[in-house]
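# Structural description and commentary
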Amino acid sequence: MLASLSSNFAFIDWAVVGGYLLLTSVVGALMAGKQQTIRDFFLGGRKLPWHAVSGSIIATEISALTFVSVPYLVMKPGGNFTYLQLGVFGSFFARLVVAYWLVPAYYKREIYSPFDYMQNQLGGHVRSMVTVLFTIGTLLGQSARIYLTGEVLLVVLHDQLEWLSAHAGLDPLAWSIIIITAISLVWTLLGGMTTVIWTDVLLFLAFAVGALVALGVIIANLPGGFAELVQIGLAATGCGPHGKFTFFDWSTDPTHDLTIWVAVIASTWGGVGSYGVDQLLVQRMFCCKSIRDARWAIVSSAASQLITITVMIVGVGLYAYYQTHTMTAEGKALFDAKGDRVLPIFTLEIVPVGLKGVILAAIFAAAISTVMGVLTALGQTAQIAFYNPLREAWLRIQGRPLTIADVMSDDAPSDAIRAEQRHGVFVSRVLIVVSAVVLGLLSYWMAEVAKHYPTILQLGLAMAQYVIGALIAGFALAFFPLRIDGRGFMYSGPLSVMMVYALVTKGPESAWACAIAGGILLLIWLYQGFVSGDLGMADDAGERDAARFGLATMSLIAGIALVILVQQFVAFPGPPTTRDTVIAWTWRGPIGSVVAFVWGYLLARRQPETAAT
């Protein structure tokens, strides 16, 4: 069925895609330089210009979800411009908060991620907890993006992927995901963050051009040109007072995910997490030379909304075009199976030879830029949180008491430190490869999860909400002068994830899952209290400790009970075809933040004033 469509992609289109990939590979290799230390590999030596970092942030933020799924979000029945509220208000306000509050805090000392900051302020094993939360959220959210691009490649490379499937035993979607992940992995391994940043700049240019080409082709195929596009978009019914161009949604329904209240409150809240706490984007900011450059990079990256506006107009154009034109039988079958495929279908059926390659290169660029960032972020956080402490312990056993701080120092290194630096870069690459394998497997699994969501865009955005609230709360607990340690967050972080899960899922299986998870969390808390002596000794001070621990235990039990009650009784009417029937995904992050912050404070130990930093 797909053969006639995939055959529309001519040799010259493949030449365009291949030439672009080759150019990007060469530029990435040339810009990488020598990656001799972990600092070089993950921070680019902290010498990258702000405009390159800004372009990299945009390239990572504008993933294949935006380029492919947003046009369908606008084109579909009832679709309009309300999604743009999240960027115009939420992400812009969030960027200002990050630039003027978070950036100065991060640049007080050389750190590699926001998780280093939380560890420095709260102590304990906070870094391990936030790393686990970040890894879960990133794998869930980004695997949806890779899956979407895999669907695009599945349409374009049908014949070739069917041949691979017949000879290698994997289905075509699996091969599609393998190709995307492999290209991203190779570019990431070329030179760490320096390569990622500079290739992101080229990738950003590619999908900017691709979006304009797609819009231009649509306008050229409308008899009335752009005026007709606007006229049909304004006349669309069931989309709001201004048709497809309706921007504001003033609804107070908690199941609506694209309202002005969501944009100003929930999107700003989540944006602080994305731009200021999520290692995927923050790692780019750390590559800047100074606070001033980091601020310029994050604020100027608001230009990403220009790309979003362009692809939304593409969505209006697709709606206008298909009012008077029909898809081929093959294209219609693909579209009926998954509406997010509409732009690739239009590209194969209508876009002229040569320009098809430009649009496909843009889609690949949007996907690969995000995957590269994901791989470096996952590798870096895993190495610093888990591998480095084990490595230090092993070096002490071997009689070589080097610390990771010694290895990362800019001072003239000894031969032993040089050897350890080379070993650190090698481990970084190994962890990136492991991350790529895990990400690819989860991306394939997303084909099943996507069946429960109306669009892949909502799938990708909703997945990250499981943990973003906990990450924001972890930073807040570290940032504000509360004079507490990180013990509370070690339990409030998982409690926050449980609360989001309770909001999303209903039914007896989910109830049992919440009860079992809460029981395990309480048992760990009691065991740690016994081991650490918080249960108190037979003296006045011990009795006070036992009393404080008892109050904290009651707080934890109350939190677990609240999760179970929410899972059982809190529900709003919603679309029967989706799992998101309780509350819009956009509010899950703020709710998770409140839970993680409140219980992170209640369960923490108080520290003397001199201990606060």
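A brief report on the enclosed structure follows. (Residues numbered from 1 in each chain as written. Predicted model: local features only at pLDDT ≥ 70, side-chain atom pairs only at ≥ 80, totals over all residues. Heavy atoms only, no water.)

## Things to note about the overall build of the protein chain
Scanning the protein chain for helices and strands turns up 25 helices and zero strands. Relative to its full complement of 613 residues, the protein chain shows a buried share of 57%. (Helix = DSSP H or I, 4+ residues; strand = E, 2+ residues; numbered from the N terminus. Buried < 20%, exposed > 50% of the residue type's maximum accessible area, 1.4 Å probe, protein only.)

## Section: empty space enclosed by the protein
Counted according to the given criterion, the structure contains four cavities of 30 Å³ or more. Roughly 850 Å³ of volume is contained in the largest cavity. For the largest cavity, the lining is made up of 42 residues, of which Glu61, Arg145, Ser274, Tyr275 and Leu461 are closest to its centre. Counting residues per element, the lining of the largest cavity draws most heavily on helix α21 (residues 456-479), at eight residues. Considered class by class, the residues forming the lining of the largest cavity number 18 nonpolar, 21 polar and three charged. (1 Å grid on protein atoms, 1.4 Å probe; cavity = no way out; pocket = protein on both sides within 12 Å on 5 of 7 lines; lining within 4 Å. Points joined across faces, edges and corners; volume = space filled by probe spheres on them. Nonpolar A, V, L, I, M, F, W, Y, C, P; charged D, E, K, R; others polar.)

## Section: unusual backbone geometry
Phi at Arg483 takes a positive value of approximately 55°, unusual for a residue other than glycine. Following the sequence through the fold, Arg483 ends up in the loop between α21 and α22 (487-504).

## Overview of the packing of helix α8 (residues 126-156) against α22
Put simply, α8 and α22 touch, their axes get as near as 9 Å, and they point 15° apart. Accordingly, the angle class assigned to the pair α8 and α22 is roughly parallel. Our pair here, α8 against α22, has a crossing hand that is left-handed. Across the interface between the two elements, Val126, Met129, Val130 and Leu133 from α8 touch Phe489, Met490, Gly493, Pro494 and Val497 from α22. (Axes fitted to C-alpha atoms, helices over the stretch in contact; angles between N-to-C directions. Parallel < 35°, antiparallel > 145°, perpendicular 65-115°, else oblique. Left-handed = near helix turned anticlockwise from the far one by under 90°. Contact = heavy atoms within 4.5 Å.)

## A short note on the pattern of salt bridges
Enumeration according to the criterion identifies six salt bridges in this entry. Linking Asp116 and Arg127 is a salt bridge whose minimum nitrogen-to-oxygen distance equals 2.6 Å. A residue pair is termed long-range when its members are at least 10 positions apart, and Asp116 in helix α7 (residues 114-122) and Arg127 in helix α8 qualify at eleven residues. Taken individually, Asp116 and Arg127 each receive the classification buried, so the pair is uniform in this respect. Close ionic contact of Asp336 with Lys332 constitutes a salt bridge, the shortest N to O distance being 2.9 Å. Highlighted residues: Asp336 and Lys332, both in helix α16 (residues 329-337), separated by four residues, approximately one helical turn. (Salt bridge = Lys/Arg side-chain N within 4 Å of Asp/Glu carboxyl O.)

## Points about the nonpolar core
Core analysis: the biggest nonpolar cluster contains 158 residues, and Phe67, Tyr83, Tyr106 and Leu459 have the highest contact counts within it. Residue contributions to this core peak at 17 residues, all from helix α10 (residues 172-220). When sequence neighbours within four positions are dropped, the list of residues in contact with Tyr83 reads Val70, Leu73, Leu258, Thr308, Met312, Leu457 and Leu461. Counting 19 residues, the second-largest nonpolar core is a separate cluster that includes Leu495, Ala502, Cys514 and Phe549. (Core = buried A, V, L, I, M, F, W, Y, C linked by side-chain atoms within 4.5 Å.)

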